[in-house]
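# Observations on chain architecture
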Amino acid sequence: MDLDEQARQILRKNDKGGYTLPTHGLYPYQWNWDSAFAAWGFTTFDPDRGWTELETLMSGQWDDGMVPHILFHKVDPGYFPGPDVWQGRGPIPSSGISQPPIAASFMRKMLGMDPAGEPRARAMWPQLKRWHAWFMAWRLDEGAVCITHPWEAGRDNAPDWDAAMAGIDPTGVGEYTRRDTSHVDPAMRPTKYDYDRYIKLVQTGASVNWDHAKLKEINPFRVADPTMTFTLLRAQRDLLALGQKFGEDVSDIPDWIETLEKGAETLWNAELGAYDSRDVLTGKFNGIFSNASALCWYAGIDDARAMPAIERVMDAVEYGMASYDPAAEGFEPLRYWRGPTWPIMNYLVATGMEECGQTSMADRIRSDTARLMRLNGFSEYYDPHTGAPAGGATFTWTAAVWLGWARFDHEEARGVA
Ligand code: GLC
């Protein structure tokens, strides 16, 4: 079977009717940013199903505007922590944190592919605006977007969070049974040290019923993050363009963009020569080059300062782009966000570069990503040195990245990026 067909079958098999699982077993629910990728992937062959995916995601929006990172549509005992631990307060059982807000950007892309979907996009626009407004109200520090739990950034165990995690006292977290390590090799997953702190943060949020004002005071974790800052900045630009097209009130959005542009600059770590995460509680940079450091172009910031570090990291591995600097202490080529290459991040990074005219690096990242899939199928992520597939298999968003982008040659990819 050819790869296009394999990718389509993965989306179909992971489709639970209205929403798509990232993969069976390891992730048995609807995840926020995975869903945006799934919607786009479906749109390449079944646009109607693509729009439904986004609508299902937005149906979990809380009354304060937040769109949760997981929607627990149907309880599955194979996943921990489930709805009983999170105790979200939305219309659908959910987690209490969000995830990188890429839905507006994918909605704009989908509309380009399927103009007939416009009424459905119009109906979602106000919901997306409320979600973006929620970030602006609750998550900013000097204009940069903060996360309140490592999972909110989508880069769950990235080294960025180590310093802030060390400041969390996990006493009283209690006994629990992890499920992730029964699905994949524990060597690829976060450690128990990390998990105790992840759960402690969930318990802290649930203890105040996810009241964001209270949480801002008591949460021991608040880190300004390039993933969030760059994706929201990009999403605001796309929301603005869509709102203008739809004749909506867009008067708030230019100010939001300006605020986020200033915020992005506060993440530039001159000593590191890269965009970095910043611990808001200590005021310190984390000193981490990650694949999120390369998202500035995706946010529309064509920054020549950022390219040398990216070139060095790309040259250090066979299949870019690594999620963590291979020369840094603690680089682990198979452990999740501490080294592996992730097709979804490659897509976001390269699309941004492409749009800003950085085509040679964009082409290089795209062809590395395509080689990984041709060699080893549609895994969650891959070893950047050997290309070995790792994490979960038959992964929705990886298949979507193939269908929407990686399968094309350079010229075609420019047309669809
Ligand atoms: C992991 C990833 C996160 C993703 C989720 C589902 O938690 O770190 O980014 O959304 O899996 O694929």
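The notes below deal with the structure included here. (Residues numbered from 1 in each chain as written. Predicted model: local features only at pLDDT ≥ 70, side-chain atom pairs only at ≥ 80, totals over all residues. Heavy atoms only, no water.)

### Regarding the pattern of salt bridges
Per the counting criterion, the structure on display carries 34 salt bridges. Note that Arg-89 and Asp-64 form a salt bridge whose closest N and O atoms lie 3.3 Å from each other. On the criterion of sequence distance, the pair formed by Arg-89 in the loop between α4 (83-86) and α5 (103-113) and Asp-64 in the loop between α3 (47-58) and β2 (70-71) is long-range, its members being 25 residues apart. You can call Asp-64 partly exposed: its relative accessible area is 24%. Counted as one network, the salt bridges with shared partners bring together Arg-108, Arg-234, Asp-238 and Glu-355. (Salt bridge = Lys/Arg side-chain N within 4 Å of Asp/Glu carboxyl O. Helix = DSSP H or I, 4+ residues; strand = E, 2+ residues; numbered from the N terminus. Buried < 20%, exposed > 50% of the residue type's maximum accessible area, 1.4 Å probe, protein only.)

### Side note on the site of the ligand
Contacts to the ligand come from Pro-22, Tyr-27, Trp-31, Trp-33, Asp-34, Gln-99, Gly-154, Asp-156, Tyr-336, Trp-337, Phe-395 and Trp-397. In the environment of the ligand, an oxygen atom lies 3.2 Å from a nitrogen or oxygen atom belonging to the side chain of Tyr-27. Here Trp-33 contributes a side-chain N or O atom positioned 3.0 Å from an oxygen atom of the ligand. For the ligand, whose accessible area on its own is 300 Å², the fraction buried by protein is 98%. A class-by-class count of the residues in the shell around the ligand yields eight nonpolar, two polar and two charged. (Near = heavy atom within 4 Å. Polar contact = N/O pair within 3.5 Å; in protein donor to acceptor, adjacent residues only side chain to side chain. Areas by Shrake-Rupley, 256 points an atom, 1.4 Å probe, with all protein chains shown as cover. Nonpolar A, V, L, I, M, F, W, Y, C, P; charged D, E, K, R; others polar.)

### Details of unusual backbone geometry
Here the residue pair Phe-80 and Pro-81 is connected by a cis peptide bond, since its omega of 0° sits within 30 degrees of zero. Relative to the elements of secondary structure, Pro-81 occurs in the loop between β2 and α4. Residue Gly-320 is joined to Met-321 through a cis peptide bond whose omega torsion reads -5°. A positive phi angle, near 55°, is found at Gln-87, a position not held by glycine. Along the chain, Gln-87 turns up in the loop between α4 and α5. Its identity is not glycine, yet Thr-394 carries a phi of approximately 40°, on the positive side. Residue placement: Thr-394 occurs in the loop between β11 (389-390) and α16 (396-406).

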